[in-house]
Amino acid sequence: MTATADVATALREKFPQVTGRESLDWPACNVPSGQALAVLQFLRDEAAFDLLADLTAIDSGVGTAPRFTVVWHLLSTTRHTYVRVAATCADDAKPAMPSASGLWPGANWHEREAYDMFGIEFTGHPDLRRILMWDGYPYFPLRKDFPLAGLDTALADAEVAAETGAGVKPAPYMGGPFVAAPGGPLDEAEPRARDESWTEQQEKPNDA
Amino acid sequence: MILRATMVSPNTELAFDSKIEGDVVVSRLDAVINWIRTNSMWPMPMGLACCAIELMAVAAARFDIARFGAEVMRFSPRQSDCMIVSGTVTYKMAPQVRRLYDQMPAPKWVIAMGACASTGGMYRSYAVLQGVDRILPVDVYVSGCPPRPEALLDALIKLQEKIRREPAAKRLFRA
């Protein structure tokens with residue numbers, strides 16, 4: 001752990017605004033979004049964290065401020081340690097973060113995914129398009145205010161939509177989601193125990 | 001040692017004998033057309049997820065879909081008769097699936113293989129089409145996640161039975 005402790009102290013000496021972040025495994029720190037790129041570059045060039053293992057985002061929920069956090073997971077392939085860097089986006093309505101694709105080319109697709117799922121604009125990204133959903137999809141599915149079943153919208157192909165009459169519809173839940181509730185006997189915890197007498201066509205009957 | 005080949009004289013009257021029956025076979029046009037269609041259904045493998053692995057197993061030696069005349073997997077929709085939708089159809093993929101179906105020449109059939117293609121399966125999600133029958137006319141649904149290869153063979157046989165009942169000749173001359 002001496003190597004990782006060194007990283008934390010070196011970071012704090014170089015960037016006084018960096019604060020510690022709660023972590024169960026590897027050292028982690030919060031950085032201001034304006035300094036994120038400088039910190040990442042320092043970790044890559046000075047501290048030998050040469051591999052961007054993951055880049056993702058967190059939505060803390062509607063009404064929280066700051067709402068969106070971007071998280072970078074770095075790996076040192078020479079010292080075999082990880083470090084986690086997190087930065088919150090200043091604007092909750094239009095979250096933005098500088099792009100790390102100049103530091104690691106692999107950040108390109110990670111940032112496209114974070115943009116696709118959370119709507120975080122990575123400024124300076126060479127090609128910020130959706131990567132999983134189709135171009136023109138109006139929502140950001142991993143935001144907390146987006147229901148898992150989805151929202152009504154049009155199919156990507158207008159011609160096919162007109163021909164088939166199909167659209168993007170919320171998935172029927174039938175009392176789901178299909179996960180068992182924790183604890184209790186299985187016949188009560190499993191989804192089959194829940195009321196499945198209603199569908200998206202048939203309204204849920206009143207309990208009264 | 002004397003090798004003696006005991007030749008059985010070949011039976012010349014096993015099959016169609018033109019000396020007896022002339023050059024004419026009498027049958028129903030429906031029966032002829034459906035016989036042709038059922039025994040060489042070239043599948044369009046719409047492999048979208050893990051079901052496609054089972055589809056490959058169906059085509060390989062152990063299960064051998066060639067026994068039912070459907071071994072010629074065509075990767076061009078223009079040469080195929082039966083689309084086997086094997087896997088999860090996402091909303092992003094759905095228009096392409098429909099376009100491939102539109103490019104297949106009629107008559108054409110669709111098998112929805114597995115839970116995902118039939119109903120969306122376990123993916124009750126914003127991203128997954130809840131059953132390929134929302135965009136395609138499905139002839140046979142196969143249950144299973146994924147279905148056993150035998151189940152797909154059964155689906156193919158069921159589809160052949162369905163085609164045998166079709167009034168093919170009437171449809172042939174319908175504009």
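Residues numbered from 1 in each chain as written. Chains lettered and ligands numbered in written order. Predicted model: local features only at pLDDT ≥ 70, side-chain atom pairs only at ≥ 80, totals over all residues.

Draft legend 1. Inspection of the overall build of chain A at higher detail. Looking only at helices and strands, chain A features 5 helices and 7 strands. When each of the 208 residues of chain A is scored for burial, the buried share is 23%. In chain A, the proportion of contacts linking residues at least 24 apart, taken out of those at least 6 apart, comes to 45%. (Helix = DSSP H or I, 4+ residues; strand = E, 2+ residues; numbered from the N terminus. Buried ≥ 20, exposed ≤ 12 C-beta atoms within 10 Å, placed from the backbone. Contact = placed C-beta atoms within 7 Å.)

Draft legend 2. Expanded view of the interface of chain B and chain A. Contacts between chain B and chain A engage 15 residues on the former and 19 residues on the latter. Broken down by class, the residue content of the side of chain B that touches chain A amounts to 7 nonpolar, 3 polar and 5 charged. (Nonpolar A, V, L, I, M, F, W, Y, C, P; charged D, E, K, R; others polar.)

Draft legend 3. Molecular detail of the nonpolar core. Residues V85, I111 and M113 of chain B are the most contacted members of the largest nonpolar core, which totals 46 residues. Residue assignment for this core shows that the elements contributing at least two residues are β1 (43-47), α3 (51-59), β2 (82-86), α4 (94-103), β3 (109-113), α5 (114-119), β4 (140-142) and α6 (149-164) of chain B. Excluding residues within four positions of it along the chain, M113 of chain B makes contact with C51, L55, I84, V85, S86, V142, P147 and L152 of chain B. Counting residues in hydrophobic clusters, the runner-up holds 29 residues, among them V7, V83, A87 and F140 of chain A. (Core = buried A, V, L, I, M, F, W, Y, C linked by C-beta atoms within 7 Å.)

Draft legend 4. Up close: the environment of W42 of chain B. All names here are of chain B. Here W42 is to be found in the loop between α2 (29-39) and β1. A residue is classified by how many C-beta atoms lie within 10 Å of it, and W42, with 16 of them, is partly exposed. For the pair W42 and Q79, spaced 37 residues apart in the sequence, the C-alpha separation amounts to 7.5 Å. Not counting residues up to four positions away in its chain, the partners in contact with W42 are A70, V72, R74, Q79, S80 and D81.

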